[in-house]
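# Observations on the three-dimensional arrangement
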Amino acid sequence: KELVSPLVHYKMNEILLQLHTIIGGMERILRCPMPIGYTHLMRLAIILWMIGLPLGLVAGEFFYWSIPVDVIIAYFFTGMEELASQLENPFGIDPNDLPLEQFTSTLRNHIFEMMSSFQEQRSKSGRRAGAAKAKRKTRYETEDLLVVKKN
């Protein structure tokens, strides 16, 4: 018994090739983290900047206000640095990571829906996959368009 028609199989093959390309890009992101030297250099630059900022603010108009202004600015800069380090690897089980399990289960459900929809259409129309269909020639007869059969 055929599970999908040749046209549906062809379209599913195209979608799977696109998915393969996307997954390859995600693996490149995962396997190429930020170099540790760059991360340490950025942290050192932020610390030195936060140490030097109050000196510049005191010399200007802020004087006593330089302390709370420095604290607020330092909070935002350290927050951005922490956010960057967390976003460096978006694939995992942390709360702010991408919901990959949800993506894959949705994809799996869509594939099963497509297959069951085709099976329902085949059973309603009363067509049967037999020798006559195997002999019939279509313009989609290639190795990539072989119909998946149940074992």
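Please refer to the structure placed before this passage.
Definitions and limits used
- Residues numbered from 1 in each chain as written.
- Predicted model: local features only at pLDDT ≥ 70, side-chain atom pairs only at ≥ 80, totals over all residues.
- Heavy atoms only, no water.
- Helix = DSSP H or I, 4+ residues; strand = E, 2+ residues; numbered from the N terminus.
- Buried < 20%, exposed > 50% of the residue type's maximum accessible area, 1.4 Å probe, protein only.
- Contact = heavy atoms within 4.5 Å.
- Areas by Shrake-Rupley, 256 points an atom, 1.4 Å probe, with all protein chains shown as cover.
- Lys, Arg positive; Asp, Glu negative; His and termini not counted.
- Salt bridge = Lys/Arg side-chain N within 4 Å of Asp/Glu carboxyl O.
- Polar contact = N/O pair within 3.5 Å; in protein donor to acceptor, adjacent residues only side chain to side chain.
- Expected span 1.5 Å × (residues − 1).
- Patch = residues over 30% accessible without salt bridge, like charges linked within 9 Å, V, L, I, M, F, W, Y side chains within 5 Å.
- Phe/Tyr/Trp six-rings, centres within 6.5 Å; stacked < 30°, edge-to-face > 60°.

Bringing the overall build of the chain into the picture now. Across its full length, the chain holds five helices and zero strands. The order of α-helices and β-strands along the chain, N terminus first, is α-α-α-α-α. A burial count over the chain gives 15% of its 151 residues as buried. Of the contacts made within the chain by residues no fewer than 6 positions apart, 68% connect residues no fewer than 24 positions apart. Carbon and sulfur atoms form 65% of the exposed surface of the chain, whose accessible area is close to 12500 Å².

This brings us to the side chain of Asp97. Looking at the element boundaries, Asp97 is found in the loop between helix H3 (66-87) and helix H4 (100-125). Although Asp97 is buried, it makes no salt bridge; Arg31 carries the closest opposite charge, 13 Å away. Polar side-chain contacts of Asp97 include one of 3.4 Å to the backbone nitrogen of Ile93. Side-chain polar atoms of Asp97 contact the backbone nitrogen of Asp94, separated by 3.0 Å.

Moving on: helix H1 (residues 6-31). Spanning 26 residues, H1 covers 37 Å between terminal C-alpha atoms, matching the ideal 38 Å at 1.5 Å per step. Along H1, the residues classified as buried are His9, Met12 and Gly24.

For the rest of this paragraph, the subject is the environment of Met42. Relative to the helices and strands, Met42 is located in helix H2 (residues 36-59). The exposure class of Met42 is partly exposed, given its relative accessible area of 34%.

Turning our attention to the environment of Ser117. As for its position among the elements, Ser117 is in helix H4. Sequence separation between Ser117 and Leu3 is 114 residues; the distance between their C-alpha atoms is 10.0 Å.

Attention shifts here to the side chain of Asp70. The residue Asp70 is located in helix H3 in this model. Put simply, Asp70 is tucked away with no salt bridge, and the nearest opposite charge, on Arg43, sits 18 Å away.

To continue, consider a nonpolar patch on the surface. On the surface, a cluster of nonpolar side chains totalling about 780 Å² of accessible area is made up of Met34, Tyr38, Leu41, Met42, Leu44, Ile47, Leu48 and Ile51. If you trace the backbone, Leu48 turns up in helix H2.

Under the counting rule described, the total for this entry stands at two salt bridges. Notably, a salt bridge pairs Glu14 with Lys11, separated by 3.7 Å at the nearest N-O pair. Residue Glu14 and its partner Lys11 are located together in helix H1, separated by three residues, close to a single helical turn. In this structure, Glu81 engages Arg43 in a salt bridge whose closest nitrogen and oxygen atoms are separated by 2.8 Å. Taken together, the residues span a long stretch of sequence, with Glu81 in helix H3 and Arg43 in helix H2 at a distance of 38 residues. Residue classification places Glu81 among the buried residues on the basis of a relative accessible area of 17%.

Below, the discussion takes up the packing of aromatic side chains. All chains considered together, the criterion is met by two aromatic pairs. With 4.6 Å between their ring centres and 45 degrees between their planes, Trp49 and Phe77 make a pair best called tilted. Taken together, the residues Trp49 in helix H2 and Phe77 in helix H3 connect sequence positions 28 residues apart. Between the aromatic rings of Tyr75 and Phe76, the centroid separation amounts to 5.7 Å while the plane-to-plane angle is 70 degrees, which identifies the pairing as edge-to-face. Taken individually, Tyr75 and Phe76 each receive the classification exposed, so the pair is uniform in this respect.

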